[in-house]
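Descriptive structure summary
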Amino acid sequence: MRGSLEEARSLMGNRSEDPDGGVDEPRPRFSRPGSYSIVQKAVIAAIVLIAAYCSLGMIYQSILAASGAKPMAMSGSVSKSSKKLPYYFDPNPELWPGPTATGRAPFLAQETVVPNLGQDKNETRKRLWGHLSPYHPAIEGWGVEEFPVPIGAIITQLHTLHRHGSRYPTIGANVEVFGALIANVTGKFKATSDLSFLNSWSYGLGAEIMVPAGRLQLFESGVLHNYMYAHLYDPKAKIIVRSTTQKRMRESVWNFLSGFFGLDWAEKDIDVGYGIEGQMLEGMSGGWNNSLAGYDNCPNANTFRNMGGLNASSQWVDIYLYDATERLNFMLTGIALNTKDVYAMQTMCPYETAAYGYSPFCDLFTSTEWQNFEYSIDLQFSGGSAYESPVGRATGLGWLQEFAARLENHTLTYSGSQINVTLDSHTRTFPLNQTLYFDFSHDTNIMSVITALGFTQFGQVLPADHHPGKHNLTVSHVTPFGARLDIEVIRMPHPLLPNRSYDESGEATSYLRFKLNERTLPHPDCGGDREDGLCHLDTFLKLVKDEEALAMYDYACFGEYEAVPYGQITDGRPLSHKREESPLEG
């Protein structure tokens with residue numbers, strides 16, 4: 001604005017010295033009487049209008065960038081806005097942090113429980129809590145052997161998709177509803193035996209933000225990734241890390257980076273981009289484009305069309321908790337519980353354990369009931385985010401496209417999914433030269449990314465009326481708190497034969513190694529027949545086009561199709577074939 005002020009001063013005239021040593025009043029440049037006052041007012045008005053125009057323009061560009069829409073053609077607008085994008089690198093966004101309620105502070109030393117000095121009896125139980133399980137490696141693996149990198153080969157890139165750490169329940173969760181139920185009848189019922197604690201119990205959990213255990217999980221993951229991949233870090237090269245605006249997502253990044261780079265990571269050449277996650281502003285329609293929260297711009301992911309998993313889980317809960325409901329009701333007078341109440345009590349165990357260090361609800365259930373609890377969550381994920389969901393592939397499509405673009409070293413300028421075109425079309429916010437890529441997301445979104453990538457071994461149809469035994473889509477193994485999908489790009493001097501020897505007649509070749517929670521995950525259509533699970537890079541890139549078409553993004557996310565009973569969808573896309581042609585399929 002400095003130029004505008006100087007121009008205004010030139011119009012009003014400069015003060016000049018008088019021959020007698022005095023100072024003249026400003027001389028108007030126009031000879032008409034009263035013209036100076038008119039010009040002065042006009043100039044001031046022009047300055048105000050210019051300032052308002054500039055401010056509104058910056059707000060407009062920020063909103064467009066946030067939604068993923070392309071800005072209107074203005075000279076230099078794309079390059080300037082993409083270089084600044086102040087909202088994207090703001091670590092403390094004011095509009096989209098999500099719920100931030102803090103719960104009652106833990107006071108384990110004051111509780112009447114004996115400190116555990118030996119084997120924690122909850123350790124086995126904790127691995128049966130589905131997506132509420134604290135992080136643990138996939139010890140049993142994914143069906144292939146673990147091998148070291150061959151001699152002469154080198155890991156050249158790492159692409160990590162990471163879940164946040166342990167948190168409080170989401171707003172409106174069943175545990176919150178149960179807490180309100182007990183609050184409304186306190187003093188009007190009596191609990192005995194193992195339930196006697198309920199007489200004085202009250203709900204004290206916060207909402208959605210990470211608990212201390214979650215911060216530790218991410219810090220430890222950062223330390224582990226440092227041991228595994230620190231050699232790839234070049235202190236002279238800038239790194240952009242991606243997350244979302246939710247508070248637990250931001251804190252997950254900060255704790256991970258502190259573990260990997262040290263507590264002074266913010267002083268290094270590392271930036272974190274925070275893609276907007278949450279409801280649109282009033283008066284705006286649709287959802288924010290964000291591949292790390294792909295359900296936000298996939299409306300059908302949040303409607304009756306995608307209720308199959310919840311319906312199946314509810315059916316299973318009524319079956320496996322029937323006996324437990326009768327057992328607990330024998331300990332109560334003045335209140336009668338149903339299976340949904342008892343399921344909320346069972347869900348209270350992992351949440352209170354994460355928040356307070358222990359929960360009296362945990363010992364109310366048998367080991368078999370905990371196994372069945374885990375299966376209830378497997379049903380939710382299978383029918384809501386994976387291959388038994390009509391939007392299973394579509395929700396994860398955006399991240400798949402971004403991953404392929406990074407491998408092929410190009411930005412993205414089209415919008416055939418929920419990618420944010422404004423961010424992904426510019427290397428300032430979508431860099432292509434990094435050796436370390438860290439993205440932070442949510443459990444259901446990671447499950448959908450795995451589905452979009454084509455890992456069909458998680459596509460087993462899970463029955464809603466009985467536990468099928470061992471199965472791949474066991475959520476506590478796939479997306480526990482702190483889960484991570486690490487994808488290594490490995491450069492080999494020659495093609496590597498299935499027997500792990502080099503074909504020295506061939507040229508240098510690159511492979512992908514997918515590692516889900518520290519164990520190699522073979523791709524069924526790319527290296528699935530190898531003992532080491534290595535996937536030829538060129539083969540994978542050819543598969544991406546097929547996976548994009550299978551997602552049927554436009555129809556799956558925005559189409560009007562009938563909801564079908566759980567179990568009929570098995571390929572992560574709508575069952576109906578009467579659909580609009582997807583632009584991805586030409």
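Residues numbered from 1 in each chain as written. Predicted model: local features only at pLDDT ≥ 70, side-chain atom pairs only at ≥ 80, totals over all residues. Heavy atoms only, no water.

Overview of the overall build of the protein
A count of helices and strands for the protein gives 17 helices and 10 strands. Among the 586 residues that make up the protein, the fraction classed as buried is 52%. Relative to all contacts within the protein whose residues are 6 or more apart in sequence, the contacts with residues 24 or more apart total 76%. (Helix = DSSP H or I, 4+ residues; strand = E, 2+ residues; numbered from the N terminus. Buried < 20%, exposed > 50% of the residue type's maximum accessible area, 1.4 Å probe, protein only. Contact = heavy atoms within 4.5 Å.)

A look at helix 14 (residues 443-453)
Because the α-helix completes a turn every 3.6 residues, residues three or four places apart line up on one side. Of all 11 residues in helix 14, 10 are buried; the element is thus mostly enclosed. Restricting attention to buried positions, one finds in helix 14 the residues Asp443, Asn445, Ile446, Met447, Ser448, Val449, Ile450, Thr451, Ala452 and Leu453. One or two residues past the end of helix 14 sits Gly454, with phi positive at roughly 95°.

Remarks on the nonpolar core
Counting residues in each nonpolar core, the largest one holds 101 residues, and the members touching the most others are Leu195, Leu198, Phe361, Phe458, Leu512 and Phe540. Top contributing element to this core by residue count: helix 10 (residues 339-356), with 10 residues. Leu198 has contacts with Ile182, Phe189, Ala191, Leu332 and Phe361, leaving out every residue within four places of it along the chain. By size, the runner-up hydrophobic cluster in this structure holds 27 residues, among which are Ala153, Leu257, Trp265 and Leu436. (Core = buried A, V, L, I, M, F, W, Y, C linked by side-chain atoms within 4.5 Å.)

Some details on empty space enclosed by the protein
This structure, assessed with the given rule, holds 5 cavities of 30 Å³ or more. A breakdown of the residues in the lining of the second largest cavity according to their chemical character gives 6 nonpolar, 1 polar and 5 charged. (1 Å grid on protein atoms, 1.4 Å probe; cavity = no way out; pocket = protein on both sides within 12 Å on 5 of 7 lines; lining within 4 Å. Points joined across faces, edges and corners; volume = space filled by probe spheres on them. Nonpolar A, V, L, I, M, F, W, Y, C, P; charged D, E, K, R; others polar.)

Comments concerning the packing of aromatic side chains
Under the criterion given, the structure shown has 23 aromatic pairs. Measuring from centroid to centroid gives 5.1 Å for Tyr555 and Tyr561, while their planes differ by 40°, and the two rings are tilted. An aromatic cluster is built from Tyr233, Phe256, Phe260, Phe261, Phe438 and Phe440, whose rings are joined through pairwise contacts. The positively charged end of Arg484 is found above the aromatic ring belonging to Tyr135, 3.7 Å away from the centroid. (Phe/Tyr/Trp six-rings, centres within 6.5 Å; stacked < 30°, edge-to-face > 60°. Lys NZ or Arg CZ within 6 Å of the ring centre and 35° of its normal.)

Re the state of the cysteines
Tallying each qualifying case throughout the model produces 3 disulfides. A sulfur-sulfur distance of 2.0 Å marks the disulfide that ties Cys349 to Cys362. The sign of the 95° torsion about the S-S bond sets the Cys349-Cys362 disulfide as right-handed. Highlighted residues: Cys349 in helix 10 and Cys362 in the loop between helix 10 and helix 11 (367-384), separated in sequence by 13 residues. Residue Cys349 shares its accessibility class with Cys362, and that shared class is buried. For Cys526, the disulfide goes to Cys535, at an S-S distance of 1.9 Å. Between Cys526 and Cys535 the sulfur-sulfur dihedral comes to about 90°; the bridge is accordingly right-handed. Residue classification places Cys526 among the buried residues on the basis of a relative accessible area of 3%. By relative accessible area, which is 0% here, Cys535 ends up buried. (Disulfide = S-S within 2.5 Å.)

Re the packing of helix 5 (residues 174-185) against helix 10
In a packed pair of helices, the relevant descriptors are the angle between the two axes and the axis-to-axis distance. Where helix 5 contacts helix 10, the two axes come as close as 8 Å, and the packing angle between them is 110°. Compared by their axis directions, helix 5 and helix 10 come out roughly perpendicular. In terms of crossing hand, the pair formed by helix 5 and helix 10 is left-handed. Contacts between helix 5 and helix 10 involve Asn174, Val175, Phe178 and Leu181 on the former and, on the latter, Asp341, Tyr343, Ala344, Met345, Thr347, Met348 and Tyr351. For the contact of helix 5 with helix 10, the residue count by class is 8 nonpolar, 2 polar and 1 charged. (Axes fitted to C-alpha atoms, helices over the stretch in contact; angles between N-to-C directions. Parallel < 35°, antiparallel > 145°, perpendicular 65-115°, else oblique. Left-handed = near helix turned anticlockwise from the far one by under 90°.)

Quick look at the environment of Ala180
If you trace the backbone, Ala180 turns up in helix 5. Each C-alpha atom of the pair Ala180 and Tyr203 lies 7.7 Å from the other, and the pair is 23 residues apart in sequence.

Quick word on the pairing of strand 8 (residues 509-516)
Among the 8 residues in strand 8, 8 count as buried, and that is most of the element. In the sheet, strand 7 (residues 484-492) pairs with strand 8 via 8 bridges, with the strands oriented antiparallel. If you follow Val489 over to strand 8, its bridge partner there is Leu512. One ladder, built from 2 bridges, connects strand 8 with strand 9 (residues 519-520); its direction is antiparallel. Directly across from Lys515, in strand 9, lies its bridge partner Thr520. Counting the residues in the hairpin turn of strand 8 and strand 9 gives 2 residues, including Asn517, whose phi is positive at 55°. (Pairing = 2+ DSSP bridges.)

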